Amino acid sequence: MDFGRYGRELLLELKRSNAAYNDTLVSSCLQDLNLHVRALGDQVAAASRDQEASTDGKPKLSMSVRPSILLQEAAIHRNKRCLLTYHWVRLQRIQKQYWSPRQEDNEEQQQLGPAEEEFLQAYQQLHQRYAQNTLPFVDDLRAHAGLPPLNTERVLLRVVTVPTEGPVVLASGVSVEFRVGATHFLPWNDVEEWVRKGHLRLLTGEEHNE
Amino acid sequence: MLTKNYFDVDAILAEEELVPCQSNFDFSYLSHLDPDERPGKRHYLPEGTKFKVPVWAVEKWATLGFVKLSLPRHFGRKARERIEAGEADIRKRNERFFIAGKRLGELLDTYTAHVEKAWRRSGDSDLRLLELIKRESAQLRRTLLSAYTGQRLSQTLNWALSSVGDDVTEYTKGLTELERRLFLSGATAASSHEAWKVYGNGRLLPVTEHKRTIRSVTPDLQVPGNKRQRIS
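From a predicted model like this one, the values you see are computed outputs, not experimental measurements.

1. Let's talk about the overall build of chain A
No. 1: Helix and strand content of chain A: six helices and seven strands.
No. 2: Counting from the amino terminus, chain A carries its helices and strands in the arrangement α-α-β-β-α-α-α-β-β-β-β-α-β.
No. 3: Buried residues in chain A amount to 40% of all 210 residues.
No. 4: Across chain A, every contact between residues at least 6 apart in sequence was considered, and the portion connecting residues at least 24 apart equals 60%.
No. 5: Approximately 12,500 Å² of chain A is accessible, and the part contributed by carbon and sulfur atoms is 51%.

Right, here's the structure in full:
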């Protein structure tokens, strides 16, 4: 019984991202966990038979067996944590992969085990049911997943260079005339393009006092 | 109990750090923990045996005063001095040096708090040992803080934010896991910023493996042959 060895190996497998589901290692870890459970039960049963009588007459466990009992319990929790983490991280990756089907050239798809394939199918069905209930003319929300929500929040800006001469009416209906050095408080959606190109600079509020 | 970092792989692996201990009494069934033990000779670990166990295994023993703890060698005084002088390869000592160090500091603090309370109640007077351990724990924290937030942090941030598109293998291979996470966050933010400057937020997602279908509601919404049409 190697305390925590299989759990450690499972987590090291996770660090080697996109490795296939390691059924053998998961089974070894579960087996190890069951051995610890059995050992704990045996030690507690043996200790209960050998209980010493304390000064108040109530039986208590001998001190010498307590460290081993605590160690077995810690090993059980340890194995459980490693198993749960292994499966949780893999499921997170599957979901992330599902929502980002565009992969970088050097990024491999995660290889799935049979249970993970079933999870992916169930997840896909859940997504389609939700999409159909949310947007009646769309059954795949992933095309919209990468798009940001409309942002009509107003932001403080300083004009670095004039993006367009003369007065201009923005899409939101706000009318503005840009002059170099002027400060404006405008909707983000209207000015994002000019901020990207460097014509306007976002202010945090502290520079406004300069 | 599920805490914020229950599923944190690096936090779990950092708890594999071996901690030197000394048993305060005989431990039944644990003779195999003695590194000098010949198999089958004894069924218990004798009092006073020095051995090493991972942080996760010793935590409960420490809070109950079953063992005396000390710091691993590469977190000890001499190692800390070399780290503060910038002479040590931190990643080589432990890939999760900072996370493991923080965990060890917490373990020592828990140990000293519980044991001090018990010893004061029972009238034991080995409080000098506890003071020594508290001092070691405080110095360890100082070393971790100065090593993490010093030159290494400024170099990491500098590389992360200014190396978009560059090969950073040479730099990142010396970083611990916590620093690599920080580097990755910075590099991702820098790349996203560069992509935003070029494409903005209005780029279309190409339809690749998944089929995007638009079921028409009225004839006006039909867009034959143009799969890339955005629905606004």
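2. Remarks on the environment of B:Arg180
All names here are of chain B.
No. 1: Secondary-structure assignment places arginine 180 in helix α9 (residues 177-199).
No. 2: Residue classification places arginine 180 among the partly exposed residues on the basis of a relative accessible area of 28%.
No. 3: Distance in space between the C-alpha atoms of arginine 180 and arginine 121 is 46 Å, their sequence separation being 59 residues.

3. Quick word on the sheet that holds strand β4 (residues 50-54) of chain B
To summarise the sheet geometry, strands pair through backbone hydrogen bonds and adopt either a parallel or an antiparallel arrangement.
Residues and elements named next belong to chain B.
No. 1: Within the open sheet, the three strands sit side by side as β4-β1-β5. Their pairing is antiparallel. Of all strands in the sheet, those with a lone pairing partner are β4 and β5 (67-69), marking the two edges. On average, adjacent strands in this sheet sit at an angle of 45 degrees to one another, irrespective of strand direction.
No. 2: Sheet topology places strand β1 (residues 18-23) next to β5; three bridges connect them, and they run antiparallel. Paired with glutamine 22 across the strands is lysine 68, a residue of β5.
No. 3: Contacts from helix α2 (residues 55-64) reach β1, β4 and β5, with the element oriented near 115 degrees to β4.

4. Remarks on the nonpolar core
No. 1: Counting 45 residues, the largest nonpolar core has B:Phe27, B:Phe51, B:Trp61 and B:Leu69 as its most contacted members.
No. 2: For this core, the secondary structure elements donating two or more residues are α3 (66-99) of chain A together with β1, β4, α2, β5, α5 (97-122) and α6 (127-149) of chain B.
No. 3: With ten residues, the single largest contributor to this core is α5(B).
No. 4: Setting aside anything within four residues of it in sequence, one finds B:Trp61 in contact with A:Pro67, A:Leu70, A:Leu71, B:Phe27, B:Leu30, B:Leu33, B:Phe51, B:Val53, B:Phe66 and B:Val67.
No. 5: A:Val26, A:Ala47, A:Val65 and A:Ile76 belong to the second-largest nonpolar core, a separate cluster that totals 19 residues.

5. Notes on the sheet that holds strand β3 (residues 154-159) of chain A
Residues and elements named next belong to chain A.
No. 1: Read across the sheet, three strands follow the order β6-β3-β7 without closing on themselves; strand pairing throughout is antiparallel. Because the sheet does not close on itself, it has two edges, and the strands there are β6 (183-187) and β7 (200-202). Here the average twist between neighbouring strands, direction ignored, is 45 degrees.
No. 2: By the bridge criterion, three bridges tie β3 to β7 in an arrangement that is antiparallel. Note that in β7 the partner of leucine 157 across the bridge is leucine 202.
No. 3: Helix-sheet contacts for helix α6 (residues 188-197) involve β3, β6 and β7, and the interaxial angle to β6 is about 120 degrees.

6. What about the environment of B:Trp159?
No. 1: For B:Trp159, the position within the fold is in helix α7 (residues 151-162).
No. 2: When the C-alpha atoms of B:Trp159 and B:Phe183 are compared, they prove to be 7.8 Å apart, with 24 residues separating the residues in sequence.

7. With respect to the packing of aromatic side chains
Any aromatic ring pair is given by two values, namely how distant the centres are and how the planes are angled relative to each other.
No. 1: This model, assessed by the stated rule, comprises 17 aromatic pairs over all chains.
No. 2: Aromatic pair A:Trp88 and B:Phe7: ring centres 4.6 Å apart, planes at 10 degrees, arrangement stacked. Separated into two different chains, A:Trp88 in helix α3 and B:Phe7 in the segment before α1 (9-14) make up a pair that spans both.
No. 3: Given the relative accessible area of 22%, B:Phe7 is considered partly exposed.
No. 4: Plain terms: the ring middles of B:Phe25 and B:Phe27 are 5.1 Å apart, the flat faces sit at 65 degrees to each other, and that makes the pair edge-to-face. For the pair shown, B:Phe25 and B:Phe27 are each scored as buried.
No. 5: Clustering of aromatic rings is evident, with ring pairs tying together B:Phe25, B:Phe27, B:Phe51, B:Trp61 and B:Phe66.

8. Structural notes on unusual backbone geometry
No. 1: One non-glycine residue, B:Tyr29, lies in the positive phi region at around 70 degrees.
No. 2: Considering the arrangement of structural elements, one finds B:Tyr29 in the loop between β2 (27-28) and β3 (44-45).

9. Comments concerning the packing of α3(A) against helix α4 (residues 114-134) of chain A
Helices that pack against each other are described as a pair by the angle of their axes relative to one another and the distance between those axes.
Residues and elements named next belong to chain A.
No. 1: Where α3 meets α4, the axes come as close as 11 Å, and the angle between the chain directions of the two elements is 45 degrees. With respect to α4, the axis of α3 lies oblique. Judged by the twist between their axes, the crossing of α3 over α4 is right-handed. For the pair α3 and α4, the contacting residues are Arg90, Leu91, Ile94, Gln95, Tyr98 and Trp99 in the first and Glu116, Phe119, Leu120, Tyr123, Gln124 and His127 in the second.
No. 2: Tallied by class, residues from the contact of α3 with α4 come to seven nonpolar, three polar and two charged.

10. Quick notes on the pattern of salt bridges
No. 1: Evaluation of the coordinates by the stated rule reveals 30 salt bridges over all chains.
No. 2: A:Lys197 is the partner of A:Glu193 in a salt bridge, and the nearest nitrogen-oxygen pair spans 3.2 Å. Remark: A:Lys197 and A:Glu193 occur in helix α6; sequence separation between them is four residues, near one turn of the helix.
No. 3: Here A:Lys197 falls in the exposed class, since its relative accessible area comes to 55%.
No. 4: With a shortest N-O distance of 2.8 Å, B:Arg103 and B:Glu59 are connected by a salt bridge.

11. Quick notes on the environment of B:Lys173
No. 1: Here B:Lys173 is to be found in the loop between α8 (169-172) and α9.
No. 2: Beyond its immediate stretch of four places on either side in the chain, B:Lys173 contacts B:Arg91 and B:Arg180.

Criteria and cut-off values
- Residues numbered from 1 in each chain as written.
- Chains lettered and ligands numbered in written order.
- Predicted model: local features only at pLDDT ≥ 70, side-chain atom pairs only at ≥ 80, totals over all residues.
- Heavy atoms only, no water.
- Helix = DSSP H or I, 4+ residues; strand = E, 2+ residues; numbered from the N terminus.
- Buried < 20%, exposed > 50% of the residue type's maximum accessible area, 1.4 Å probe, protein only.
- Contact = heavy atoms within 4.5 Å.
- Areas by Shrake-Rupley, 256 points an atom, 1.4 Å probe, with all protein chains shown as cover.
- Pairing = 2+ DSSP bridges.
- Axes fitted to C-alpha atoms, helices over the stretch in contact; angles between N-to-C directions.
- Core = buried A, V, L, I, M, F, W, Y, C linked by side-chain atoms within 4.5 Å.
- Phe/Tyr/Trp six-rings, centres within 6.5 Å; stacked < 30°, edge-to-face > 60°.
- Parallel < 35°, antiparallel > 145°, perpendicular 65-115°, else oblique.
- Left-handed = near helix turned anticlockwise from the far one by under 90°.
- Nonpolar A, V, L, I, M, F, W, Y, C, P; charged D, E, K, R; others polar.
- Salt bridge = Lys/Arg side-chain N within 4 Å of Asp/Glu carboxyl O.

On their own, these measurements won't tell you what the molecule is for.
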